[in-house]
Amino acid sequence: MRILRAGDHKRMPWKNGGGETVEIAVSPEDAGLAGFDWRVSMATVATDGPFSIFPGIDRTLAILNGNGMTLDIEGWAPALTTASDPLAFPADIPVAARLEDGAITDLNVMTRRAVLVHTLMRLEIDGGRTLPLTSSTCLLLCHRGALSFAQGGETGALASGDALLITDAGEIELKIDGEATCYLASIDAG
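Rules and cut-offs
The written sequence of each chain sets the order in which its residues are numbered from 1. Since the coordinates come from a predicted model, pLDDT governs what is reported: local features require at least 70, and pairs of side-chain atoms require 80 or more to be given and counted, while whole-chain, interface and lining totals use all residues. The side-chain figures draw on all heavy atoms in the structure; neither hydrogens nor water molecules are used. Helix and strand assignments follow DSSP, with helices taken as H or I runs no shorter than four residues and strands as E runs no shorter than two, numbered in order from the N terminus. Taken over C-alpha atoms, the radius of gyration is set against a globule rule of 2.2 Å times the number of residues to the power 0.38. When a residue's accessible area, from a 1.4 Å probe over protein chains only, is under 20% of the maximum for its type it is buried; when over 50% it is exposed; and in between it is partly exposed. By the convention used here, residues are in contact when the closest approach between their heavy atoms is within 4.5 Å. Per-residue and other accessible areas were derived by the Shrake-Rupley procedure at a 1.4 Å probe size, with only the shown protein chains allowed to occlude residues. In this analysis, strands are considered paired if DSSP registers two or more bridges between them. Only the stretch in contact is used when a helix axis is fitted, and all axes are lines through C-alpha atoms; the angle between N-to-C directions ranges over 0 to 180 degrees. Charge assignment in this entry is limited to Lys and Arg as positive and Asp and Glu as negative, and neither His nor the chain termini are counted. A carboxyl oxygen of Asp or Glu within 4 Å of a side-chain nitrogen of Lys or Arg is what we treat as a salt bridge. Polar contacts, as counted here, are pairs of nitrogen or oxygen atoms within 3.5 Å of one another; within protein the pair requires one atom able to donate a hydrogen and one able to accept it, and residues that are adjacent in sequence qualify only if both atoms are side-chain atoms. What is meant by a nonpolar core is a set of buried Ala, Val, Leu, Ile, Met, Phe, Trp, Tyr and Cys residues, joined one to another through side-chain atoms within 4.5 Å. Paired rings are identified among Phe, Tyr and Trp, the last through its six-membered ring, by centres lying within 6.5 Å, and are further divided according to the angle between planes into stacked (under 30 degrees), edge-to-face (over 60) and tilted (the rest). Should the NZ of a Lys or the CZ of an Arg lie within 6 Å of a ring centre and within 35 degrees of the ring normal, that charge is described as sitting over the ring.

Residue-level account of the overall build of the protein, with values.
Helices and strands together make up the secondary structure of the protein, namely zero helices and 17 strands. Against the 2.2 N^0.38 benchmark of 16 Å for 190 residues, the protein shows a C-alpha radius of gyration of 16 Å, consistent with a compact globule. When each of the 190 residues of the protein is scored for burial, the buried share is 48%. When contacts within the protein are restricted to residue pairs at least 6 apart in sequence, long-range pairs at least 24 apart make up 70% of them. Summed over all atoms, the accessible surface of the protein reaches about 8800 Å², with 50% contributed by carbon and sulfur.

Just give me the short version of the pairing of strand β15 (residues 154-158), but keep the residues and values in it.
Sheet topology places strand β14 (residues 137-151) next to β15; five bridges connect them, and they run antiparallel. In the strand pairing of β15, Ser 148 is matched with Ala 157. The turn joining β14 and β15, which pair antiparallel and follow one another in sequence, is formed by two residues; a positive phi near 55° is taken by Gly 152.

I'd love a proper account of the sheet that holds strand β2 (residues 10-13), names of residues and values included.
An order of β2-β3-β4-β11-β6-β9 is seen for the six strands of this open sheet, with the pairing classed as antiparallel. Each edge of the sheet is formed by a strand with only one pairing partner; in this case those strands are β2 and β9 (87-90). Between one strand axis and the next, the sheet turns through 30° on average, direction left out of account.

Before we move on, can you summarise the side chain of Arg 59 with the specific residues and values?
Secondary-structure assignment places Arg 59 in strand β6 (residues 57-65). An unpaired buried charge is present at Arg 59: no salt bridge exists, and Asp 106, the closest side chain of opposite charge, is 6.0 Å distant. For Arg 59, the side chain forms a polar contact with the main-chain oxygen of Ser 52, separated by 3.5 Å. Here the side chain of Arg 59 touches Asn 108 through a polar contact of 3.1 Å, side chain to side chain. Contact partners of Arg 59, with chain neighbours within four places excluded, come to Phe 51, Ser 52, Phe 54, Leu 87, Ala 88, Phe 89, Ala 91, Asn 108, Val 109, Met 110 and His 118.

Tell me about the nonpolar core, and please be specific about residues and values.
Counting residues in each nonpolar core, the largest one holds 20 residues, and the members touching the most others are Ile 24, Val 40, Leu 107 and Leu 139. Contributions of two or more residues to this core are made by β3 (20-27), β4 (38-45), β6, β11 (104-112), β12 (116-126), β14, β16 (163-167) and β17 (172-189). Setting aside chain neighbours within four positions, we find Val 40 in contact with Glu 23, Ile 24, Ala 25, Leu 107, Asn 108, Val 109, Leu 139 and Ala 185. Grouped together as the second largest cluster of nonpolar side chains are 19 residues, Cys 138, Cys 142, Phe 149 and Ile 176 included.

Could you give an account of the side chain of Ser 41, naming the residues involved and the relevant values?
As for its position among the elements, Ser 41 is in strand β4. Relative accessible area serves as the criterion here: at 1%, Ser 41 is assigned to the buried category. A distance of 3.3 Å separates a polar atom in the side chain of Ser 41 from a polar atom in the side chain of Arg 39.

Quick one: what's the story with the sheet that holds strand β8 (residues 79-80), residue by residue and with numbers?
What links the strands of a sheet is backbone hydrogen bonding, and the strands pair in either a parallel or an antiparallel sense. Pairing within the open sheet is antiparallel, and its four strands lie in the order β5-β10-β7-β8. Every other strand in the sheet has two partners, leaving β5 (49-50) and β8 as the edge strands with one partner each. Pairing geometry for strand β7 (residues 69-73) and strand β10 (residues 95-99), over five bridges, is antiparallel. Paired with Ile 73 across the strands is Val 95, a residue of β10.

Which residues make up the packing of aromatic side chains, and what values go with them?
Taken as a whole and judged by the stated rule, the model has two aromatic pairs. One cation-aromatic arrangement involves Arg 112 over Phe 36; the distance from NZ or CZ to the ring centre is 5.7 Å.

Mind laying out the environment of Thr 137, listing which residues take part and the relevant values?
Along the polypeptide, Thr 137 turns up in strand β14. The spatial distance from the C-alpha of Thr 137 to the C-alpha of Ile 166 is 5.7 Å, given a sequence separation of 29 residues. Apart from the residues within four sequence positions on either side, Thr 137 is in contact with Trp 38, Leu 165, Ile 166, Thr 167, Ala 185, Ser 186 and Ile 187.

Please give an account of unusual backbone geometry that cites residues and values.
Backbone phi values are negative for most residues with the exception of glycine, while trans is the configuration of most peptide bonds. Of note, the bond from Ser 27 into Pro 28 is cis; its omega dihedral lies within 30 degrees of zero at -5°. Mapped onto the elements of the fold, Pro 28 is located in the loop between β3 and β4. Residue Asp 30 is not a glycine yet carries a positive backbone phi of 70°. Relative to the assigned elements, Asp 30 resides in the loop between β3 and β4. The phi dihedral of Glu 74 falls on the positive side, at around 50°, and the residue is not glycine. Along the chain, Glu 74 turns up in the loop between β7 and β8. The exposure class of Glu 74 is exposed, given its relative accessible area of 64%.

Set out below in structure tokens:
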């Protein structure tokens, strides 16, 4: 288990140059935008426009802040808000975004299609609970609030923007406590 503090996340330009992304974690470590197996990042979208194309990549997107946006995905036009479930779609097809009312911040989980699969879910934490983790790699992002965690003698705390990366997890139970809105990315071999 490794805590990834918000202040240590890597800032970098979008692949298409249209904005900035904040990379929370990537595998392999130090992989570039063309060579990752999986990647978890946040981006601020301030204007309407196209998404970057990532050949052979699957993407799941969730809106963290802002009034939402509508995507154009090959004639399909899902509208996303902070209340929407995360949306999965291929990252190697043309996708354009139209903002509803001002800038948004989104969370992106991307995996290399031929190698890995992933899921992304939002969790509302209010008090103590046990979170069963069954994927080989899990990343728990504390979006709002704060929480503490314990597993196998290891303990720690996450503040807003911090993440907990668990690799080679197998099947474990993570004890968490606090008041927070979190996102759990689970990544497995495809």
